[in-house]
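Each chain, written out:
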Amino acid sequence: MLSPDQARIRSFKVVPSLPEPLRPLLDIAYNLWWSWHPEAVELFVRLDRGLWNETKHNPVKMLGSCPQEILDERAADEGYLTSMHRVVEAMNRELARQPWHTKKFADAGQFNVAYFSAEFGITESLQIYSGGLGCLAGDHLKSASELCLPLIGVGLLYRHGYFQQYLNADGWQQEYYPDLDFANLPLSRVKEGNGSDKPLKVSVHMPGRDVFIQVWRVRVGTVELFLLDTNVPENDAADRAITSQLYGGDMELRIKQELVLGIGGTRALAAMGIEPDVCHMNEGHSAFLALERIRMLIDRHNITFDEARQKAAASNVFTTHTPVPAGIDRFPPEMIQRYFKSYHGSLRLDMEGLLALGRENVYNKNEFFSMAVLAIRTSDFANGVSKLHGVVSRDMWQSIWPALPKNEVPIGHVTNGVHARSWLSSDLTYLFDRYLGQNWQLNPADQSVWQGVNDVPDDELWRVHERRRHRLVVWTRRKLKQQLESRGSIPRAVQESLEAIDPNALTIGFARRFATYKRATLLFRDMARLQRLLENTKQPIQFLIAGKSHPADGGGKDLIRQIVHFARDSKAGHKIVFIENYDIHVARYLVQGCDVWLNTPKRGMEASGTSGMKAAINGVLNCSIMDGWWDEAYETGLGWAIGRGETYANQDAADDIEASALYDLLEKHIVPMFYDRDRQGVPREWVAHMKKCIATLAPAFNTNRMVQDYTEQLYMPSLERSRMLSDADGNVQKAIDLAHQKVKLRNAWPNLKVESVDADLNRALGVNDTLDINVVVDLADLLPEEVRVQVYSGLVDNDGKITQGAAADLKHDGPLEHGNRHRFIGQVSPNTSGRHGFAVRIIPGGELFRGSTEPGLIKWDAEPAPIAKAQASESKQEAAAV
C-alpha cells in the first residue's frame, strides 16, 4: 500500500481574491517597485500592520491571508482607494519614463544588457541573498529601472535561500533553512509561449544526465529578473537540490550551481527569444556563460573557438568584488574535466585548451581552474568596485598580461553605490520632498539635487534623526527580548538588558558579514578603555552589532560568541547588543537609526563595502579604516578615518595601533561632539557633519550614479566594440579577421625588433621642453599599420623604474632600406621636474584592436639599458641628461 508521501500530488495555484476596487493592489504587489516607495508600502500597512509584519513584508502572501472583512472595509474606504490610485498612477508614470540613455547615446539604438548574479537582495521577503553582493545586485536592478535602462537580471531561485541565524545560550551561531513558499511570493513561472500553459524549461548536461531548469519571472520596476530553479520532477533528488541553498554545500554543489547560472541562464534567455547585446558578470560565479555564448556563435556561424571568442568577449563585462585570490571560486582540473567531458568538443577546443582559460599560468597543469580568470580571459571589459580595489585588482591579476605595466592592466573601477530610495528612512524621504523638491525623485540622473540638503533647518534634521533613533531603540528592545527569552534568560536579566538601551544615547552600529578580516572585535582590544566609555553615565554610549558568519567559518562564529559573552558578563556589557539574523529588514533599522557607523577591516581586504554608504545617505557618520569606498570618500567634516591608510608587517601591532586610534576618536572627538548641544538641544557641529555627509556622499555613492558609470564606461564601449566586430545582418567576419590577425601577430612577434633609439640625451631639458625621439624598427612580416610603436615615459624611481608612466604613439615616418625596416618619430615633454625616463615598445595596431589589450603581445626595446633616463628641471641650466 502506498504511503501519503508516495501518492501522486496534482498541484494548482490559488491567488488572492480581492474585491474589485482593490484589484490594483495585485499589480503593485507583483512588481517589487513597491519596495522602494514608502507610499506603496503604506498601502499594505494600512490593511493590517500586524499581518504585514507576520508575513515578513510580503504583500502577495498578505493579500492572500488578509481577513475578508478587512478587505471589504478598505474597498469601501474612499480615502484608502484615493491613496491606492495615487500610487498606481505614480507607478505607471515611472514605468513609462523616458530612458536616461537615449539623450546621451542617441545613436545607440535598441540594445539590452543581461546582468548575471548568484544573489539578488531586493526585499527581505525574497530571501535569495546573503549580504553586500546581493544587495548591490538588487540595487543595480532598481537603479536600472529608475533610469529605464534596458537591463535584464538572471539569477538562481533558492528553495531555502540563505540560512537564518539564531544564537544558542553560549552565543554560538546556529543555522536553519526555512522553505520559500514560491506560490506566495511576487514571482510567476515563465511559460513556453504561443499560448501554452507549460512551464518553460531548459537543460544543462552534467556527468551522466541532463539537469532540467524551470524559469521564474520577477518584476523590479521596468526590469525583469529571471530566476532559475532545478526543483522540477524531471530531476532526481540530488539535482533538485542544486538550487536549494545559497552558498551552501561543497565544491561539487558550487560548480553545479554555476553551470546552471552561466550555461543554463544563457540558454533560458535564448529560449525566451532574448539575445543580450552585453552580458555583465557580477563576480565570477556566472563566468561559464562566456563559454555558452561562444558555443552558440560556433553553432550559428560554423566558426572556430578563437573566432567566436573575439565576438563574445567584446560584449562581456566582468566585475570582480574580491580583493584576495582566496575569495575566488576555484575548481580542481579533474572536476572541470569531469563536468566538461562532453561539452568542450562543442567549443571546438580540446580539454587542455579549456583548462588553460581558467589558469593564470597557462602552462601550469596543476593549477586550479579559476572562475575569475575565466571571466577575465573571455571579457574585453573588467572592473573593480572602488578606486582602491581597482589598484588591488590590477596588482592581483597582472600576471595575465605579462610585461604590461601595472597601471595599464585593463581592469578599471566603478565604485559601488546604494539605491537611495530603498535605504532612506521614510522620515527623511518626506523631509527631502519638502526641501529638495520633487526632482530628487523624478529625475534619478540628476545628482545635483542633493545640495538642497544644506537648506534643511538644523533643528528639523535633528528632530527627524532623533525620531529614527528612538524608533530603532524600541525595535531593538523588542528583538532583544525575543532573543534573550529564547536563550533561557531569567526575566530580571531580560529587563535589565532592555532598560540599559537608551533612546537618547550615542548609538554606534557595526553590521556586516562576520569574517575574521573585518575585525569585529577590534573594539574590544583594550577592555579597560572600552569599559570606561561604556560606564560614562553623563555621556552614554551604546553599540548595536549584527552579522552572520558563513556556516563553515568557525573563526567568524567565535567572534560572535566573544561579543555575546562580553555583553553578558561585563559590568557595562548591556550597552552592547548583538542583533540576530542580520538581513535587509535589520539593516534598514540600523542604517537609519544609528548615529555612527563603524567599520574596522584590515586595509586592502574590503573591496568596497556598501553598508557605510547606506548609513551615510541617512546622515549617519562613518568611522572607518581607510579601505574600500571610504579610502576615496573620506574628507574632513563628514566622518572620521581610523589611521591614514597605513599597512603594517605585524598584524598584532596593527590591531593595537588601530584600536588605540579608534578609542582616541571616540574619547576626544566623537563623544564630545555628539553631546555638545546648544540651548535648543541641537548639536550644531554634529548636524553640520550630517549635512555635509549627505550632500557630499549621497550623489557620489548611489547606484543611479553607479549604473550611469557602468553604462558610459563599460556597457556602451562594449556595445560599440561588439557591433564593430559584426554587421547589421549578424555577419561576424570582422571577428574572424581579428582572430586571424592575432595568429599572424603571434607568429611574427618573436621576430620584431627595435633596432635603434635616438634621442639627444646630452641636451639640458627644462619642464615642458620636448625631447625628439627617432626609432627604427624591424617589422619582420608585418605592415606598419598592423602595429603601434610607442614611447612609454614618466618619472623614474630610485630603482630605475618608471612609475605611473604614460604611453604615446610614435608616428610612422616611412620605410628604410634593407628588409622591412621602418622609422617612427615622436616626442616626450615632461611637465614636472625630477628624474624622467622613457622606453620604446610595440603593441598591436589597427581598428580591430581598438579598445582591447591582448595578453602577451607587447614587445619592449631589449637593449642593455631598456629605459632611457633624462633629468628634467625647472631651469635648463640645472638639467642634466642621463
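The structure displayed is predicted, hence computed values, not measured ones.

## Topic: the sheet that holds strand β19 (residues 621-625)
Then, in step 1: Strand order across the open sheet formed by six strands is β17-β16-β15-β18-β19-β20, with parallel pairing between neighbours. Of all the strands in the sheet, the pair left with one neighbour each is β17 (576-579) and β20 (639-642). In this sheet, neighbouring strand axes are inclined to one another by 20 degrees on average, regardless of whether the strands run parallel or antiparallel.
Then, in step 2: In terms of strand pairing, strand β18 (residues 596-599) meets β19 through four bridges, oriented parallel. From the neighbouring strand, N599 faces β19, where its bridge partner is S624.
Then, in step 3: With respect to the sheet, helix α24 (residues 584-593) is in contact with β15 (506-511), β16 (541-546), β17 and β18, its orientation differing from that of β16 by roughly 155 degrees.
Then, in step 4: Seen against the sheet, helix α28 (residues 684-700) touches β15, β18, β19 and β20 and runs at an angle of roughly 75 degrees to β19.

## A word on the packing of helix α18 (residues 426-435) against helix α20 (residues 458-486)
Then, in step 1: Closest axis-to-axis distance for the α18/α20 pair is 10 Å, and the angle between their directions is 165 degrees. Between α18 and α20, the crossing angle belongs to the class labelled roughly antiparallel. Where α18 crosses over α20, the two elements pack in a sense that is right-handed. Contacts between α18 and α20 involve D427, L428, L431, R434 and Y435 on the former and, on the latter, E460, L461, V464, R467, R468 and R471.

## Re the sheet that holds strand β21 (residues 753-759)
Then, in step 1: The strand order β21-β23-β27-β26 describes an open sheet built from four strands, whose pairing is antiparallel. Either end of the sheet is taken by a strand with one partner, and the two such strands are β21 and β26 (811-815). Here the strands of the sheet are splayed against their neighbours by 25 degrees on average, with no regard to which way each runs.
Then, in step 2: As paired elements, β26 and strand β27 (residues 821-828) share four bridges and run antiparallel to each other. Bridge pairing in β27 links H812 to F824.

## Points about the confidence of the model for the chain
Then, in step 1: Mean pLDDT over the chain: 93, with 96% of residues reaching 70 or higher.
Then, in step 2: Counting interchain partners and residues more than four positions distant, the pLDDT-below-50 stretch residues 863-882 has 56 contacts.

## Let's talk about the environment of E20
Then, in step 1: Within the secondary structure layout, E20 lies in the segment before α1 (24-29).
Then, in step 2: In the structure, E20 is positioned 205 residues away from L225 in sequence and 29 Å away in space, judged by C-alpha atoms.

## Focus: the pattern of salt bridges
Any two side chains of opposite charge can pair, so long as their charged atoms come close to each other.
Then, in step 1: Applying the stated criterion across every chain, the model contains 55 salt bridges.
Then, in step 2: R267 serves as the salt-bridge partner of E292, at 2.9 Å between the closest nitrogen and oxygen. Taken as a pair, E292 in helix α11 (residues 288-301) and R267 in helix α10 (residues 251-271) lie far apart in primary sequence, 25 residues in all.
Then, in step 3: For R267, a relative accessible area of 23% corresponds to the partly exposed category.
Then, in step 4: Between R850 and E720 there is a salt bridge, and its shortest N-O distance comes to 3.5 Å. With R850 in the loop between β28 (834-844) and β29 (859-860) and E720 in helix α29 (residues 703-724), this residue pair connects regions lying 130 residues apart in the sequence.
Then, in step 5: Members of the salt-bridge network, linked through shared partners, are R519, R525, D652, D655, D656 and E658.

## Describing the side chain of E124
Then, in step 1: With respect to the helices and strands, E124 occurs in the loop between β1 (113-116) and α8 (132-146).
Then, in step 2: Residue E124 is classed as buried on the basis of its relative accessible area of 7%.
Then, in step 3: Apart from residues lying up to four places away in sequence, E124 is in contact with K56, H57, Y129, D583, I584, H585 and R588.

## Let's talk about helix α22 (residues 527-534)
Then, in step 1: Inspection of α22 places R529, L530, Q531, L533 and L534 among the buried residues, and these make up the whole buried set.
Then, in step 2: The inward-facing, buried residues of α22 abut β16, α23 (554-569), β17 and α27 (651-674).

## A few points about empty space enclosed by the protein
Then, in step 1: Inspection of the entire model under this criterion finds seven cavities of 30 Å³ or more.
Then, in step 2: By volume, the largest cavity is sized at about 120 Å³.
Then, in step 3: When residues of the lining of the largest cavity are traced back to their parent elements, those giving at least two are α17 (420-423) and α19 (439-442).
Then, in step 4: Here the residues of the lining of the largest cavity are counted per class, giving six nonpolar, six polar and three charged.

Reading guide: rules and limits
Residues numbered from 1 in each chain as written. Predicted model: local features only at pLDDT ≥ 70, side-chain atom pairs only at ≥ 80, totals over all residues. Heavy atoms only, no water. Pairing = 2+ DSSP bridges. Helix = DSSP H or I, 4+ residues; strand = E, 2+ residues; numbered from the N terminus. Axes fitted to C-alpha atoms, helices over the stretch in contact; angles between N-to-C directions. Contact = heavy atoms within 4.5 Å. Parallel < 35°, antiparallel > 145°, perpendicular 65-115°, else oblique. Left-handed = near helix turned anticlockwise from the far one by under 90°. pLDDT = per-residue confidence, 0-100. Salt bridge = Lys/Arg side-chain N within 4 Å of Asp/Glu carboxyl O. Buried < 20%, exposed > 50% of the residue type's maximum accessible area, 1.4 Å probe, protein only. 1 Å grid on protein atoms, 1.4 Å probe; cavity = no way out; pocket = protein on both sides within 12 Å on 5 of 7 lines; lining within 4 Å. Points joined across faces, edges and corners; volume = space filled by probe spheres on them. Nonpolar A, V, L, I, M, F, W, Y, C, P; charged D, E, K, R; others polar.

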